[in-house]
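Here are the chains, one letter per residue:
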Amino acid sequence: MMIVYDSNLQQFSLQVGKASYVMALHKGSYLTTRYFGLRLHGDFLASPFVEVPRSFSPNPMADDERFSLDTLPQEYPVFGNSDFRLPALEVEFEDGSRLVDLHYDQHRIYEGKPKLHVLPSTYVEEEKQAQTLEIDLFDAVSQLRVTLRYTVFAGHSILVRSVLLHHEGDAPIRVSRVMSMAMDLSLPDYQMLHLPGAHAREREMTWQPIGKTMHSIESRRGASSHQQNPFLALASPTITEEDGEVYSVALAYSGNFQLVVDTDQYDVTRVMVGINPFDFRYLLSPGEKFETPEVTVGFHAHGLGEMSRDYHRFFRKHLLSGRYRDQLRPILINNWEATYFQFDEQVLLQLADEAKEVGIELFVLDDGWFGQRDDDRTSLGDWVVDTRKLPHGLGAFGEQIRQKNMRFGLWFEPEMISPDSALYRTHPDWCLFVPGRNQSVSRHQYVLDFSSKEVCDAIIEQLTKILSQAPIDYVKWDMNRHLTEVGSVSLAANRQKEVSHRYMLGVYRVMDTLTKRFPFILFESCSGGGGRFDPGLLAYMPQVWTSDNTDAIARLSIQFGTSLIYPAIAMGSHVSAVPNHQVGRVTTLQTRGYVAMMGNLGYELDLRRLGEEDRATIRQQIAFYQQWRDVICFGDLYRLKHPSKQQDAAFLYVSEKRDRAIVTYIQIMARANPALKRLRLQGLATNETYSVTLHGTEQTGVFALSPLTLVMNGDELMQYGLAIPYLHGDFLGCVWTIEKAEIAP
Ligand code: GLA
């Protein structure tokens, strides 16, 4: 049993892989967080919860001056009954009162895991893969039932939580904050790691002390955003990749979110994660239920590396869905940076021929194929092929690509509408706007009102038509602006603060419908690159365009940050032209290839302009990646050197069986007369013999300091390490491949 309850102790104990999560009922009905840490083999705590009288912490029970909710570590704190810290739930009743008093009512433990109804879910394929605990807390006055859900998964150190409100009373309730989880933990001197960024600069690993203050990491943009990611880790002071304790949370939601870390006067840190209460208020009618997004919660005893591997395994098994979950992804060519909007059929077919010739497997036609879209000022919403560019239509074009024995993919931006479009002229009220107010454009476009069922249904039909007409194997689903003037003419005045959330529900419904209707299509999500790289979208689309920044050096930190919880198989990464279009940097084709191979390899440059030498390099890269992509996509990641100090970066993938591994090393800035360094590996079998091959020495400036092929023991590779070649020049790199050696008997 992974979940047990002791009715004498009134404790719940959840075995979360290598960790234990213990909750207790205090005074028989207050649900408290008691322990979250390394696995307790006795499951329960013998130690009682210690309370002492505290001045200025009021007492709900007049005869017990030690008891205050202000000092109680709680699983779902509320407002107004003596706890002055931030609550997980805020509501307002018809009479203007805001108090709820949540007490334990009942609980259920069962096999399996229910899927959420309207939100992205983690899932199991067989009931025995998980156990779920539901604890009902109840407010007797308002008859509001709050069900806290906890699911633990066999073999995984990740707990999934969510909350279900069920209004059993008879007057509407206004809910202005309903977090997916809360927990109160003692985390002395811990530091916080999060992933702020910007467009083309996503997910920069950023540390700060927790201190004695409140931190709110959030998005108010209607998307999870480039600016923050719905992930947070709290790590012990001496944290490294290999050592130290880390707590992690990640929200499966792609809209406005909030992650709160709030440390109180007695050094207890409240962690809360959920939909951002900012510009949110949901009107809950009698009998209605409201479900929150799911949040993954982890405790990892062995550093950031273990945290990442715990998430990668979990997301690959219980979040990514559909037939591509376990399939290697095709190596693609995307015409965006090759042609932008300026292309015709002949240009595309030439590009496809070149791509086929070097071994590329999928041809992706990006923005500009529909309406009259010669730039980004027009036609979003008019998903009809532009016959000036593709005179024989999309179906015929797709067939031509297929005849080359390549798969065919297409770009869409279904949530958007150009003011200059037939759709907007017919349905000006189909976008988000507030009547009588100015309407902001961003990239010359408006946002469709996905909170409206009518709009979502129309988009489903539009896309279904195209996806059924042409031979489409892949879709890139883009979203190139954030939400402003958030108002919907489809909703009543007292529901306008539901728009951002209902927008997300609409997006999820459309994605769910289309991905189920077209299970053969590989969907890659995108939002100006990685503006919606979150667990919510990953539940529908198993691949994300990581960033519009395709520069190999800038990509190092973007991909390192992304790899904190997102697996390589979810990351799209492309080789592009130099000077790089985003930063102007010139790097070698080999380096660009090595960095792009850290995820799903693709190419995004005009192959027609390359000389034979570069084509030969690309041919080799593709053949090499085809040999090793299973290790990268399904293996364990070890981040050996962080690019943060601008010197170098190294990462290693080890196959599950530990019989194959691949190491990439990139030097950022060269130094004169450098020290000779070694790279110590991890994750290999100590007593195994491996054959190690160094690649990349054919490049000018790369000098091996040891034989190109060596037979080495796993412990030598991990303890002594690999000699890093001498790299004479900025932005040079090399790769080692490692395979279990066949030793003659
Ligand atoms: C976004 C994407 C790019 C490209 C353009 C097309 O910026 O991130 O990859 O598809 O849109 O307009």
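In what follows, the accompanying structure is described.

So, on to the overall build of the protein chain. In terms of helices and strands, the protein chain carries 12 helices and 40 strands. Compactness check: the protein chain gives a C-alpha radius of gyration of 27 Å against a globular reference of 27 Å for 745 residues, within 12% of the reference. For the protein chain, the spread of C-alpha atoms along the three principal axes comes to 85 × 70 × 45 Å. Put simply, the protein chain has 745 residues, and 62% of those count as buried. Long-range pairs, those at least 24 residues apart, make up 70% of the contacts in the protein chain between residues at least 6 apart in sequence.

Orientation of helix H9 (residues 552–562) relative to helix H10 (residues 589–596), taken along the N-to-C sense of each, is 15°, at an axis distance of 9 Å. Taken as axis vectors, H9 and H10 run roughly parallel relative to one another. Regarding H9 and H10, the two cross each other, and that crossing is left-handed. Here Ala 552, Arg 555, Leu 556 and Gln 559 of H9 come into contact with H10, specifically with Thr 591, Arg 592 and Val 595.

A few words now on the side chain of Arg 177. Checked against the element boundaries, Arg 177 lands in strand S10 (residues 173–186). Within the local environment of Arg 177, its side chain forms a polar contact with the side chain of Gln 258, the two groups lying 3.3 Å apart. Sequence-distant contacts of Arg 177, that is, excluding residues within four places in its chain, are made with Leu 86, Pro 87, Ala 88, Leu 89, Glu 90, Gln 258, Met 272, Pro 277 and Phe 280.

Pairing is antiparallel across the open sheet formed by six strands, whose spatial order is S31-S32-S33-S40-S35-S37. The two strands at the open ends of the sheet, each matched to only one other strand, are strand S31 (636–641) and strand S37 (709–713). Across the sheet, the axes of successive neighbouring strands diverge by a mean angle of 20°, strand direction being ignored. Two strands pair when backbone bridges link them, and strand S33 (residues 660–667) and strand S40 (residues 733–740) are joined in this way by seven bridges, in the antiparallel orientation.

A few words on the pattern of salt bridges. Two side chains carrying opposite charge are able to pair once their charged atoms lie near each other. Scanning the entire structure with this criterion turns up 55 salt bridges. Residue Arg 443 pairs with Asp 376 through a salt bridge whose shortest N-O separation is 3.3 Å. In this pair, Arg 443 is assigned in the loop between helix H5 (422–426) and strand S25 (446–447) and Asp 376 in the loop between strand S22 (362–365) and helix H4 (393–403), connecting sequence segments 67 residues apart. You can call Arg 443 partly exposed: its relative accessible area is 26%. For Lys 641, the salt bridge is made with Asp 648, and the minimal N-O distance between the two is 3.5 Å.

Right, let's get into the sheet that holds strand S21 (residues 332–334). Overall, parallel pairing links the eight strands, which are arranged S21-S22-S23-S26-S27-S28-S29-S30 in a closed barrel. In this sheet, adjacent strand axes meet at a mean angle of 30° when their direction is disregarded. As defined by bridge partners, strand S28 (residues 543–545) adjoins strand S29 (residues 571–576) across two bridges and the pair is classed as parallel. By the bridge assignment for S29, Trp 545 is matched with Gly 572. Sitting on the sheet, helix H3 (residues 345–358) touches S21 and S22, and the angle it makes with S22 is about 155°.

Around the ligand, the surrounding shell holds 13 residues, and the nearest of these are Asp 366, Asp 367, Arg 443, Lys 476 and Asp 548. A distance of 2.6 Å separates an oxygen atom of the ligand from a polar atom in the side chain of Asp 367. Taken by itself the ligand offers 300 Å² of open surface, and the protein chains cover 95% of this. Looking at side-chain class alone, the shell around the ligand contains four nonpolar, three polar and six charged residues.

As a further point, take the environment of Thr 464. Inspection of the secondary structure puts Thr 464 in helix H6 (residues 453–469). For the pair Thr 464 and Thr 513, spaced 49 residues apart in sequence, the C-alpha to C-alpha distance is 9.7 Å. Excluding residues within four positions of it along the chain, Thr 464 makes contact with Leu 514, Arg 517 and Phe 518.

Bringing the packing of H3 against H4 into the picture now. Between H3 and H4, the shortest axis-to-axis distance is 10 Å and the interhelical angle comes to 20°. One element, H3, and the other, H4, form an angle in the roughly parallel class. When you trace H3 past H4, the crossing you get is right-handed. Residues Glu 345, Leu 348, Leu 349 and Ala 352 of H3 form the contact with H4, whose participating residues are Phe 397, Gln 400 and Ile 401. Class assignment of the residues belonging to the contact of H3 with H4 gives a composition of five nonpolar, one polar and one charged.

What follows concerns the packing of aromatic side chains. This structure, assessed with the given rule, holds 34 aromatic pairs. Aromatic pair Trp 369 and Phe 370: ring centres 5.2 Å apart, planes at 75°, arrangement edge-to-face. Classification of Trp 369 as buried rests on a relative accessible area of 0%. Judged by its relative accessible area of 0%, Phe 370 falls in the buried class. For the ring pair Phe 651 and Tyr 653, a centre distance of 6.2 Å and an interplane angle of 75° mean the geometry is edge-to-face. Here Phe 651 matches Tyr 653 in class, with each residue buried. Positioned over the ring face of Phe 67 is Lys 27, at 5.3 Å from the centre of the ring. Seen from the ring of Phe 343, Lys 389 lies directly overhead, with NZ or CZ sitting 4.9 Å from the centre.

Reading the values: the criteria
Residues numbered from 1 in each chain as written. Predicted model: local features only at pLDDT ≥ 70, side-chain atom pairs only at ≥ 80, totals over all residues. Heavy atoms only, no water. Helix = DSSP H or I, 4+ residues; strand = E, 2+ residues; numbered from the N terminus. Rg over C-alpha atoms; globule rule 2.2 N^0.38 Å. Buried < 20%, exposed > 50% of the residue type's maximum accessible area, 1.4 Å probe, protein only. Contact = heavy atoms within 4.5 Å. Axes fitted to C-alpha atoms, helices over the stretch in contact; angles between N-to-C directions. Parallel < 35°, antiparallel > 145°, perpendicular 65-115°, else oblique. Left-handed = near helix turned anticlockwise from the far one by under 90°. Polar contact = N/O pair within 3.5 Å; in protein donor to acceptor, adjacent residues only side chain to side chain. Pairing = 2+ DSSP bridges. Salt bridge = Lys/Arg side-chain N within 4 Å of Asp/Glu carboxyl O. Near = heavy atom within 4 Å. Areas by Shrake-Rupley, 256 points an atom, 1.4 Å probe, with all protein chains shown as cover. Nonpolar A, V, L, I, M, F, W, Y, C, P; charged D, E, K, R; others polar. Phe/Tyr/Trp six-rings, centres within 6.5 Å; stacked < 30°, edge-to-face > 60°. Lys NZ or Arg CZ within 6 Å of the ring centre and 35° of its normal.

So far we have only geometry, and geometry alone does not tell us how the molecule works.
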